[in-house]
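# Chains, contacts and geometry: an overview
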Amino acid sequence: MCLLLCGCKSVQKMSIQEIIDNGTNKTVNVYNTYRKGYKYNLPKGLGVLNSSDYNEVIMTGNYKYYLYIDAVSYYNKVIETYEVKDKCYYSKPISFEDRYGYIEINEVGKDKYLIEIMYNYAKIEVIVKKADINVTVANAISVLTSIKFNDNVLKKMLEEETSQFGDMEFNIFETASENSEYLQAMEENVYKDDEIHDSDLIE
């Protein structure tokens, strides 16, 4: 897990905004997870449970992080604004240089919080206990910040295989709150036929 973001100040003692700011300010030059059209760095302690096209399930401890890469929006440079929601446990836009997104956290049950972070044309959704929010946000923003796209590969894929991007409609610019169709779809193993088990999964 990501225990420290800067100096000796632990994640648990940082505010969510501090975690986001420190995470997005980092420059990633090392990658350990490679996919068709993109790559990213997976923090120590996390492992890929399964993967299919632009959807992945990342595991750590008792939690599953549902990652979706929006290659189409990235290639077309789609930009949408996020409006802060006062009724949420936490709601803020994210912006750093030419990257943008949002973080939204909603209580969805007794000590259950749905974290949604969209950044760098990708989104992570995960439900955790309140005590684990900070570490989870740190892990998620670390993954999202590290994503690097391969423009040439994406262009070729979009031209030759555009149908694959319509297999699962999911708008990363819209929040899901407790009615997350994406989380429900992932739980139902929508992409079970293409499932890939990663040997690097840390149990």
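Calculation notes
Residues numbered from 1 in each chain as written. Predicted model: local features only at pLDDT ≥ 70, side-chain atom pairs only at ≥ 80, totals over all residues. Heavy atoms only, no water. Phe/Tyr/Trp six-rings, centres within 6.5 Å; stacked < 30°, edge-to-face > 60°. Helix = DSSP H or I, 4+ residues; strand = E, 2+ residues; numbered from the N terminus. Buried < 20%, exposed > 50% of the residue type's maximum accessible area, 1.4 Å probe, protein only. Lys NZ or Arg CZ within 6 Å of the ring centre and 35° of its normal. Pairing = 2+ DSSP bridges. Axes fitted to C-alpha atoms, helices over the stretch in contact; angles between N-to-C directions. Parallel < 35°, antiparallel > 145°, perpendicular 65-115°, else oblique. Left-handed = near helix turned anticlockwise from the far one by under 90°. Contact = heavy atoms within 4.5 Å. Nonpolar A, V, L, I, M, F, W, Y, C, P; charged D, E, K, R; others polar. Core = buried A, V, L, I, M, F, W, Y, C linked by side-chain atoms within 4.5 Å. Arc of directions from axis to C-beta. Salt bridge = Lys/Arg side-chain N within 4 Å of Asp/Glu carboxyl O.

### Considering the packing of aromatic side chains
- What the rule picks out here adds up to seven aromatic pairs.
- The interplanar angle of 15° and the centroid separation of 4.0 Å between the aromatic rings of Tyr-74 and Phe-149 together place this pair among those described as stacked. Placement of the pair is Tyr-74 in helix α2 (residues 71–76) and Phe-149 in strand β12 (residues 148–149), with a sequence separation of 75 residues. Phe-149 shares its class with Tyr-74; the two are buried.
- Joined through ring pairs, the aromatic side chains of Tyr-74, Tyr-100, Tyr-121 and Phe-149 make up one cluster.
- The side chain of Lys-39 reaches across the aromatic face of Tyr-31, ending 4.4 Å from its centre.
- Over the aromatic face of Tyr-74 sits the side chain of Lys-77, whose NZ or CZ is 3.9 Å from the ring centroid.

### With respect to the sheet that holds β12
- Strand order across the open sheet formed by three strands is β3-β4-β12, with antiparallel pairing between neighbours. The open sheet terminates on both sides in strands that have one partner only, identified here as β3 (33–35) and β12.
- The sheet contact formed by β3 and strand β4 (residues 38–40) spans three bridges and is antiparallel. Along β4, the bridge assignment pairs Thr-33 with Tyr-40.

### Structural notes on the pairing of strand β5 (residues 47–52)
- A large share of β5 lies buried, amounting to five of its six residues.
- Note: β5 against strand β6 (residues 55–60), five bridges, orientation antiparallel. Within β6, the residue paired with Ser-51 across the bridge is Glu-56.
- Taken together, β5 and the strand that follows it, β6, pair antiparallel across an intervening segment of two residues, in which Asp-53 is found at a positive phi of about 50°.

### Some details on the packing of helix α1 (residues 16–25) against helix α3 (residues 133–146)
- Here α1 crosses α3 at 25°, and the two axes come no closer than 9 Å. In terms of orientation, α1 and α3 fall into the roughly parallel class. Considering only the axes of α1 and α3, their crossing is right-handed. Residues Ile-16, Ile-19, Ile-20, Gly-23 and Thr-24 of α1 form the contact with α3, whose participating residues are Ile-133, Asn-134, Val-137, Ala-138, Ile-141 and Thr-145.
- Split by residue class, the contact of α1 with α3 holds seven nonpolar, four polar and no charged.

### Some details on the nonpolar core
- Judged by nonpolar contacts, the single largest core of 47 residues is most densely connected at Tyr-40, Leu-67, Ile-103, Ile-105, Ile-117 and Val-137.
- When residues of this core are assigned to their parent elements, the largest contribution, eight residues, is made by α3.
- Other than its neighbours up to four places away in sequence, Ile-105 contacts Ile-16, Cys-88, Tyr-89, Tyr-90, Tyr-113, Leu-114, Ile-115, Ile-133 and Val-137.

### Examining the sheet that holds β5
- The strand order β5-β6-β7-β11-β10-β9-β8 describes an open sheet built from seven strands, whose pairing is antiparallel. Edge positions in the open sheet fall to β5 and β8 (90–96), since each of these has one partner strand only. Between one strand axis and the next, the sheet turns through 15° on average, direction left out of account.
- In terms of strand pairing, strand β9 (residues 99–109) meets strand β10 (residues 112–119) through eight bridges, oriented antiparallel. Bridge pairing in β10 links Asn-106 to Leu-114.

### Things to note about α1
- Along α1, the residues that are buried comprise Ile-16, Ile-19, Ile-20, Gly-23 and Thr-24. Along the long axis of α1, the arc covered by the buried residues comes to 115°, so they all point the same way.

### Regarding the pattern of salt bridges
- Here the structure, examined in full by the defined rule, presents four salt bridges.
- Residue Lys-123 is joined to Glu-116 by a salt bridge in which the shortest nitrogen-to-oxygen separation is 2.8 Å.
- Taking the relative accessible area as the measure of exposure, Glu-116 reaches 0% and is therefore buried.
- A salt bridge links Lys-123 to Glu-125, with the nearest nitrogen and oxygen atoms 3.2 Å apart.

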